[in-house]
Amino acid sequence: RRANDKVILLHPLSNIETQIQEVFVSANRFDELHVITHGQSGKLLLSGGRTIDAAFVEDMHDWEDDVKSSLTRPVIYLYGCDVAKGNAGKAFVEL
C-alpha cells in the first residue's frame with residue numbers, strides 16, 4: 001500500500017449501489033478505484049445478495065456525467081474469482 005492509498009469498506013447493511021456510486025462520483029480524488037469481491041461467471045458478488053454485473057457496469061457509465069468536471073477519471077479495477085469464466089464471464093470482462 002502506498003502512503004496516499006485509501007481503503008473504503010462498504011457497509012453490508014446499506015445500499016451497495018449507492019455506496020459505490022458515491023465513491024465513483026467523488027472519484028476526482030482518486031487515480032484508481034479497486035473493487036475486490038467474491039465472484040462467479042459474469043458477475044461480482046456483493047453482500048446482501050447484490051451483484052455487479054453487465055447492467056451495473058452500464059449504469060456506471062451513466063455516472064460519468066457526474067464526474068465530467070474532473071480533469072482525470074479513475075481507472076476502475078474489478079476483482080473476483082471466476083468472473084471471467086464461461087461466455088457470460090468473457091462478455092463481462094469485455095465491457
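Participant: Residue-level account of the sheet that holds strand β4 (residues 51-52), with values.
Facilitator: Strand order in the open sheet formed by 3 strands is β2-β3-β4, and the pairing between neighbours is antiparallel. Lying at the two open borders of the sheet, with one neighbouring strand each, are β2 (38-40) and β4. Pairing analysis gives 3 bridges linking β2 to strand β3 (residues 43-45), with the strands arranged antiparallel. Directly across from Gln40, in β3, lies its bridge partner Lys43.

Participant: A description of the packing of aromatic side chains should follow, citing residues and the corresponding values.
Facilitator: For the structure shown, the criterion picks out 1 aromatic pair. Relative to Tyr79, the ring of Tyr77 lies with its centre 6.4 Å away and its plane at 20 degrees, an arrangement referred to as stacked. When its relative accessible area of 33% is taken as the criterion, Tyr77 is described as partly exposed.

Participant: Break down helix α1 (residues 16-25) for me, with residues and values.
Facilitator: Along α1, the residues that are buried comprise Ile16, Glu17, Gln19, Ile20, Val23 and Phe24. Down the axis of α1, the buried set is contained in an arc of 165 degrees. They therefore lie on one face. By the N-cap criterion, in which a side-chain oxygen at the helix start approaches the backbone nitrogen of a residue two or three places on, α1 is capped by Asn15, the distance to Thr18 being 2.7 Å.

Participant: Talk me through the side chain of Gln19; I want residue IDs and the actual numbers.
Facilitator: Summarising the element assignment, Gln19 is placed in helix α1. Only 2.8 Å separates the side chain of Gln19 from the backbone nitrogen of His11, close enough to count as a polar contact. The contact partners of Gln19, leaving out residues within four places of it in the chain, are Leu10, His11 and Ser14.

Participant: Which residues make up the nonpolar core, and what values go with them?
Facilitator: Generally speaking, a soluble globular protein has its nonpolar side chains buried in company with each other. Ile16, Ile20, Phe24, Val35, Leu44, Leu46, Ile52, Phe56, Val57, Met60, Val83 and Phe92 together form the largest nonpolar core, which totals 12 residues. Contributions of two or more residues to this core are made by α1 and α2 (54-63).

Each value, and the rule that gives it
- Just so you know, the residues in each chain are numbered from 1, in the order the chain's sequence is written.
- pLDDT decides what is reported in this predicted model: residues at 70 or higher carry local features, side-chain atom pairs at 80 or more are listed and counted, and totals for whole chains, interfaces and linings draw on all residues regardless.
- Computation of side-chain values covers all heavy atoms of the structure but excludes hydrogens and water.
- Note on pairing: DSSP must find at least two bridges between two strands before they are called paired.
- Secondary structure elements follow DSSP: runs of H or I no shorter than four residues count as helices, runs of E no shorter than two count as strands, and numbering proceeds from the N terminus.
- Any two rings among Phe, Tyr and Trp, with Trp reduced to its six-membered ring, count as a pair given centres within 6.5 Å; such a pair is stacked if its planes are under 30 degrees apart, edge-to-face if over 60, and tilted if neither.
- Between buried and exposed lies partly exposed: a residue is buried under 20% and exposed over 50% of the maximum accessible area for its type, with that area taken using a 1.4 Å probe on protein chains only.
- Directions from the helix axis toward the C-beta atoms define the arc.
- Between N or O atoms, a polar contact is any pair within 3.5 Å; within protein, one atom must be a potential hydrogen donor and the other a potential acceptor, and residues adjacent in sequence are included only when both atoms are from side chains.
- Here, residues are in contact when the closest pair of their heavy atoms is within 4.5 Å.
- The set of buried Ala, Val, Leu, Ile, Met, Phe, Trp, Tyr and Cys residues whose side-chain atoms join them within 4.5 Å is what this entry labels a nonpolar core.

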